[in-house]
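# Survey of secondary and tertiary structure
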Amino acid sequence: MFAPKYIKHGKLLLKGLKKFLRYHSDEIAPERMEEIGKLRADYEAALEEKDEEKMKEVEKQLTKVCKKAVPDKGNHAIRENVEVLLVAIVIAVGIRAYFLQPFKIPTGSMQPTLNGIVETRADTDELGNFVDPSPGFFKQAADLLLRGRSYIHLEAPGDGEVVKMEEKSLLKFFTFTEVTFRLNDGSTKSDRVWTPIKQLIGTSREPDDGLGTDSTIGAELISDTQCRIDLPEVTKGQVLASGYVDTGDQVLVDKVSYHFRRPKAGEVFVFSTAGIEGIEATMDRNLDSIHYIKRLIATEENKTFRVVPPNLYIDGELAETSGSKKVMKCEDGYNGYTLAQGQVFRRFRFTGDAIEGEIMENEYLDFGDNSDNSFDSRGWGPVPEQNLVGPALVVYYPFAPHFGGID
């Protein structure tokens, strides 16, 4: 505690030297290692004798030899920045794996609470021709930033036919459709349209309400990512699709909470589809399990439910959560709870004007807020507890119209 400053400095220097030699032992030549060893012994002797001048002299020699002993690796600033970037990536991956995970909503089953990918067809002129909806550069940039909006205007590059449309992605995040034309001169041309196939050919909504669903365009889906086009010959400049596409809401999901508390009825949550028979039967067998986002309607604490459009009853009483109340009011874009569009889950009962059933321990009933257009527990049953991922916390992009907390 009362040792002179140069003595403390000397001990720290020897400690640092020890770490330096351990870290670079495989890079230092034997002759350099021997030279460093002699100077180290001299420095330790000077420290023992408390000879401050000798210590300073040996320290200069030791520093010089150590610098020469390790090859210069070039641009230190670049290396340091790369190291910082790698550490940031590791931290981000850790956060994603154990704490917060981002998800992008592709469908409209939770509208208007949360938006999926929404396409809007361009206006037409008095002759029925599409009007290019694309505004100026700065407006397009602002719309992309604030709303995640991409403008689409696809024209045939020449006389010929469309032979294939294939959905692809850039960096596994930015989805686009590659449209391939076979022209009459024998050449083949491709064009990128920055939207998934379903939005491009208008199958994500009703047939007369989609993007590019002009009566001359038809398509036969082969898989989720590829389709064959059944078109008459196209002519150069013919508009095949025109409008704009708004990206689905991108949300952050809390992966920690459900380890410490029970899920709460009324919250929007994400779950894995793995092992849910009714969902897997509708999926491409080559795909792994995916994730769905819905509203948690009832837990095992609420044993029974009954849907009598537009209302939802839990244990014989109207659902009391704020989310369900919004749906049942049939205002602001909500249409109330409806009966299942297809087959009802085998454990539930369809009575002609209602759907009713019970949920068991460690099961969770989920409905989409867009009840008319939602594939949910009405059709494939409750979600098992082991499939839960966590509650959806916030929409972090786009910035309109749902940015912020999720109710």
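Placed above this text is the structure.
Read on for a plain summary of the structure. (Residues numbered from 1 in each chain as written. Predicted model: local features only at pLDDT ≥ 70, side-chain atom pairs only at ≥ 80, totals over all residues. Heavy atoms only, no water.)

## Side note on the overall build of the protein
Quick reminder of the rule: Elements are defined by DSSP. Helices are runs of H or I of four residues or more, strands are runs of E of two residues or more, and each kind is numbered from the N terminus. The buried label applies to any residue whose accessible area, calculated with a 1.4 Å probe on protein chains only, is under 20% of its type's maximum; exposed applies above 50%, and partly exposed to all values in between. Contact criterion: two residues are considered in contact whenever any of their non-hydrogen atoms come within 4.5 Å of each other. To be clear on the numbers: accessible area is Shrake-Rupley with a 1.4 Å probe, and residue cover counts the displayed protein chains and nothing else.
For the protein, the helix and strand inventory stands at 9 helices and 21 strands. Taking all 407 residues of the protein together, the buried fraction comes to 39%. The contacts in the protein between residues at least 6 apart in sequence include a share of 64% that link residues at least 24 apart. Roughly 23700 Å² of accessible area belongs to the protein as shown, and the carbon and sulfur atoms make up 53% of that amount.

## Observations concerning the sheet that holds strand β14 (residues 311–314)
Backbone-to-backbone hydrogen bonds pair the strands of a sheet. The strands run either parallel or antiparallel. The test is simple: Here, strands pair whenever DSSP counts at least two bridges between them.
Strand order in the open sheet formed by 5 strands is β15-β14-β13-β17-β16, with antiparallel pairing between adjacent strands. Two strands lie at the open edges of the sheet, namely β15 (317–318) and β16 (349–350), each paired on one side alone. Pairing of strand β13 (residues 304–308) with strand β17 (residues 355–358) involves 4 bridges; the strand directions are antiparallel. Residue pairing for β17: Phe305 is matched across the bridge by Gly357.

## A few points about a nonpolar patch on the surface
The test is simple: The patches reported here contain residues having more than 30% relative accessible area and no salt bridge. Joining distances are 9 Å for like charges and 5 Å for nonpolar side chains (Val, Leu, Ile, Met, Phe, Trp, Tyr). For salt bridges, the criterion is a side-chain nitrogen of Lys or Arg within 4 Å of an Asp or Glu carboxyl oxygen.
A grouping of Val87, Ile91, Ile95, Tyr98, Phe99, Leu100 and Leu393 is seen on the molecular surface, where their side chains present a nonpolar patch of about 660 Å² in accessible area. Sorting elements by how many residues they give to the nonpolar patch places helix α4 (residues 76–98) first, with 4 residues. Relative to the elements of secondary structure, Ile95 occurs in helix α4.

## Notes on helix α3 (residues 52–69)
Residue pairs spaced three or four apart in an α-helix point in one direction, given the helix's 3.6 residues per turn. Under the convention used in this document: A helix is expected to span 1.5 Å for every residue after the first. Think of it as the arc spanned by the lines of direction from the helix axis to the C-beta atoms.
A rise of 1.5 Å per residue sets the reference length of α3, with its 18 residues, at 26 Å; its end C-alpha atoms lie 25 Å apart and thus fit the reference within 8%. Of the residues making up α3, those classed as buried are Met55, Val58, Leu62, Val65, Cys66 and Ala69. Projection of α3 onto a plane perpendicular to its axis shows the buried side chains occupying an angular sector of 100 degrees, all on one side. Exposed positions of α3 whose direction lies more than 90 degrees from the buried face are Glu53, Lys60, Lys64, Lys67 and Lys68. For α3, the elements touching its buried residues are α1 (5–24) and α2 (30–49).

## Details of the nonpolar core
Applied cut-off: Residues belong to one nonpolar core when they are buried, are Ala, Val, Leu, Ile, Met, Phe, Trp, Tyr or Cys, and are joined through side-chain atoms within 4.5 Å.
Counting residues in hydrophobic clusters, the biggest one holds 19 residues, and the most contacted among them are Ile297, Phe305, Val307, Leu312, Tyr337, Leu365 and Phe367. If sequence neighbours within four positions are ignored, Phe305 has contacts with Tyr313, Ile314, Phe348, Ile355, Glu356, Gly357, Glu358, Leu365 and Phe367. Formed by 18 residues, the second largest nonpolar core is a distinct cluster that contains Ile28, Ile36, Leu39 and Leu47.

## A few points about the pattern of salt bridges
Across all of its chains, the model carries 17 salt bridges by this definition. Among the ionic pairs, Asp143 bridges to Lys139, the shortest N-O distance being 2.8 Å. One end of the pair, Asp143, and the other, Lys139, are both in helix α5 (residues 137–147), 4 residues apart, so they sit about a helical turn from each other. Judged by its relative accessible area of 8%, Asp143 is buried. According to the relative accessible area criterion, Lys139 is partly exposed, its value standing at 44%. Glu267 is the salt-bridge partner of Arg261, the closest N and O atoms lying 3.1 Å from each other. In this structure Arg261 comes out as partly exposed when scored by relative accessible area, which is 26%. For Glu267, a relative accessible area of 16% corresponds to the buried category. A single network of salt bridges, built from pairs that share partners, joins Arg262, Glu300 and Glu385.

Functional significance is not addressed by these values, which are geometric in nature.
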